[in-house]
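Remarks on the overall topology
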Amino acid sequence: MNNKIKTETIIRTVVVAVALINQILAICGKDTLPLYESDIVQIVTLVATVASGLWGWWKNNSFTHNAIKADDYKQHLDRLEAMEDDDNDT
């Protein structure tokens, strides 16, 4: 079994964190992107925050040891089910 946090989970977490930090900087009036129009910066940041939030919410992000073990177990069950389906097809 693989008890490591998946790379995809780490990437999604970093994307959300960066988007949130960027949003906070925009709200505080700091330059976040190399653009001159503050409205464009805030719109782009808002879209990035919403998109990364929805992406992170949609995906299964397993951080705890038990959650990772449960993911591995589910994958094992999925493989067994697929093998049974292949046996029934023949």
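**Re the overall build of the protein**
Helix and strand content of the protein: 3 helices and 0 strands. Along the protein, from the amino end to the carboxyl end, the secondary structure elements read α-α-α. A total of 90 residues make up the protein; the buried ones form 18% of that total. For the protein, contacts bridging at least 24 residues in sequence account for 67% of all contacts bridging at least 6. Carbon and sulfur atoms make up 63% of the accessible area of the protein, which amounts to about 7,300 Å² in all.

**Some words on the pattern of salt bridges**
Per the stated rule, a full pass over the model turns up 1 salt bridge. Note that aspartate 78 and lysine 74 form a salt bridge whose closest N and O atoms lie 3.0 Å from each other. Taken together, the residues aspartate 78 and lysine 74, both in helix α3 (residues 65-89) and 4 residues apart, mark about one turn of the helix.

**Considerations on helix α1 (residues 7-27)**
Here α1 contains 21 residues, and its C-alpha end-to-end distance of 30 Å stays within 8% of the 30 Å for a straight helix at 1.5 Å per residue. Along α1, the residues that are buried comprise Thr9, Arg12, Ala19, Asn22, Gln23 and Ala26. Buried residues of α1 fall within an arc of 165 degrees about the axis and therefore sit on the same side. Facing away from the buried side of α1 by over 90 degrees, the exposed positions are Thr7, Val18, Ile21 and Ile24. One or two positions beyond α1, positive phi appears at glycine 29, with a value near 85 degrees.

**Here we look at the environment of glutamine 42**
Here glutamine 42 is to be found in helix α2 (residues 38-58). On the basis of relative accessibility, which here comes to 38%, the residue glutamine 42 falls in the partly exposed class. Residues glutamine 42 and glycine 29 lie 13 residues apart in sequence; the distance between their C-alpha atoms is 9.8 Å.

**Quick notes on the confidence of the model for the protein**
Predicted confidence across the protein gives a mean pLDDT of 80, with 88% of residues reaching 70 or more. Confidence, read as mean pLDDT per element, is least for α2 in the protein (77) and greatest for α3 (89).

**So, a negative patch on the surface**
Negative charge collects at one region of the surface, where Glu81, Glu84, Asp85, Asp86, Asp87 and Asp89 lie side by side. Overall, the relative accessible area of 57% leaves aspartate 87 in the exposed class.

**Regarding the environment of leucine 20**
Tracing the backbone shows leucine 20 in helix α1. Separated by 26 residues in the primary sequence, leucine 20 and leucine 46 place their C-alpha atoms 9.0 Å from one another.

Rules used in this analysis
Residues numbered from 1 in each chain as written. Predicted model: local features only at pLDDT ≥ 70, side-chain atom pairs only at ≥ 80, totals over all residues. Heavy atoms only, no water. Helix = DSSP H or I, 4+ residues; strand = E, 2+ residues; numbered from the N terminus. Buried < 20%, exposed > 50% of the residue type's maximum accessible area, 1.4 Å probe, protein only. Contact = heavy atoms within 4.5 Å. Areas by Shrake-Rupley, 256 points an atom, 1.4 Å probe, with all protein chains shown as cover. Salt bridge = Lys/Arg side-chain N within 4 Å of Asp/Glu carboxyl O. Expected span 1.5 Å × (residues − 1). Arc of directions from axis to C-beta. pLDDT = per-residue confidence, 0-100. Patch = residues over 30% accessible without salt bridge, like charges linked within 9 Å, V, L, I, M, F, W, Y side chains within 5 Å. Lys, Arg positive; Asp, Glu negative; His and termini not counted. Charge placed at Lys NZ, Arg CZ, Asp CG, Glu CD.

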